[in-house]
Amino acid sequence: QVQLVESGGGLVQAGGSLRLSCAASGRTFSTYAMGWFRQAPGKEREFVGAISWSGGSTYYSDSVKGRFTISRDNAKNTVYLQMNSLKPEDSAVYYCAAGEPKGSSWYLHAQKIYAYDYWGQGTQVTVSS
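Some thoughts on the state of the cysteines
Step number 1: Considering all chains together, one arrives at one disulfide under this definition.
Step number 2: Between the sulfur atoms of C22 and its disulfide partner C96 the distance amounts to 1.9 Å. Classification of the bridge connecting C22 and C96 rests on its S-S torsion, roughly 45°, and on that basis the disulfide is right-handed. Taken together, the residues C22 in strand β3 (residues 18-26) and C96 in strand β9 (residues 92-99) connect sequence positions 74 residues apart.
Step number 3: Among the residues examined, C22 registers a relative accessible area of 0% and is labelled buried.

Here you go:
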């Protein structure tokens, strides 16, 4: 079992930055790939980005590529989402998720909700125009 708790959300003006954190407890954090998803009101949950268990590989959706950066600190059991150049359309509840890769092919599915076993409760990000 893995428990995930997001923090760092809030209200920011367009063009600003926020850094989200996701603290994990429970089973060995470093064996899990971590993902970030977001869900705006009335919309489906969508993939934002993911990072491999080692931190050596990252994956991003086209909508955030070049603006958002995922990193992790396995010693602190924490994954981060640095969000720069924020836009009003980035407003959503942001969720972190943990998935246990059972092979390199897992990463072909990293953008899919079903690839993840554990989810946090989410943190709200609101970007004003």
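Once the structure has been displayed, the description carries forward.
Structural notes on the nonpolar core
Across soluble globular proteins, nonpolar side chains have a tendency to be buried as a group.
Step number 1: Among the nonpolar cores identified, the biggest contains 28 residues, and L4, M34, W36, L81, M83 and Y94 are the most heavily contacted of them.
Step number 2: At the level of elements, β1 (2-7), β3, β4 (33-39), β5 (46-51), β7 (68-73), β8 (78-83), β9 and β11 (123-128) are the ones that each hand at least two residues to this core.
Step number 3: With near-sequence residues (within four places) excluded, L81 lies in contact with L18, R19, L20, W36, V48, F68, T69, I70 and Y94.

Notes on the sheet that holds β8
Step number 1: Ordered by their spatial adjacency, four strands build an open sheet running β1-β3-β8-β7, and the pairing between neighbours is antiparallel. Each having just a single partner strand, β1 and β7 make up the two edges of the open sheet. Taken pair by pair, the neighbouring strands of this sheet meet at an average axis angle of 15°, ignoring direction.

Quick notes on the packing of aromatic side chains
Step number 1: Summed over the entire model, instances satisfying the criterion amount to eight aromatic pairs.
Step number 2: For the ring pair Y32 and Y118, a centre distance of 6.0 Å and an interplane angle of 70° mean the geometry is edge-to-face. Of this pair, Y32 sits in the loop between β3 and β4 while Y118 sits in strand β10 (residues 118-119), and the two are 86 residues apart along the sequence.
Step number 3: Y118 gets classed as buried once you look at its relative accessible area, which sits at 17%.
Step number 4: For the pair W106 and Y107, a centre-to-centre distance of 5.0 Å together with 85° between the ring planes defines the contact as edge-to-face. Each member of the pair W106 and Y107 is classed as buried.
Step number 5: Members of the aromatic cluster, connected to one another through ring pairs, are F37, F47, Y59, W106, Y107, Y116 and W119.

Let's talk about the pattern of salt bridges
Step number 1: As enumerated under the stated definition, the model contains four salt bridges in all.
Step number 2: In this structure, E46 and R38 form a salt bridge, with 2.5 Å as the shortest nitrogen-oxygen distance.
Step number 3: Residue class for E46 comes out partly exposed when judged on its relative accessible area of 35%.
Step number 4: Between D62 and K65 there is a salt bridge, with its nearest N and O atoms 3.4 Å apart.
Step number 5: Taking the relative accessible area as the measure of exposure, D62 reaches 68% and is therefore exposed.
Step number 6: One continuous salt-bridge network, built from bridges that share partners, spans R38, E46, R67 and D90.

Parameters and conventions
Residues numbered from 1 in each chain as written. Predicted model: local features only at pLDDT ≥ 70, side-chain atom pairs only at ≥ 80, totals over all residues. Heavy atoms only, no water. Disulfide = S-S within 2.5 Å. Helix = DSSP H or I, 4+ residues; strand = E, 2+ residues; numbered from the N terminus. Buried < 20%, exposed > 50% of the residue type's maximum accessible area, 1.4 Å probe, protein only. Core = buried A, V, L, I, M, F, W, Y, C linked by side-chain atoms within 4.5 Å. Contact = heavy atoms within 4.5 Å. Pairing = 2+ DSSP bridges. Axes fitted to C-alpha atoms, helices over the stretch in contact; angles between N-to-C directions. Phe/Tyr/Trp six-rings, centres within 6.5 Å; stacked < 30°, edge-to-face > 60°. Salt bridge = Lys/Arg side-chain N within 4 Å of Asp/Glu carboxyl O.

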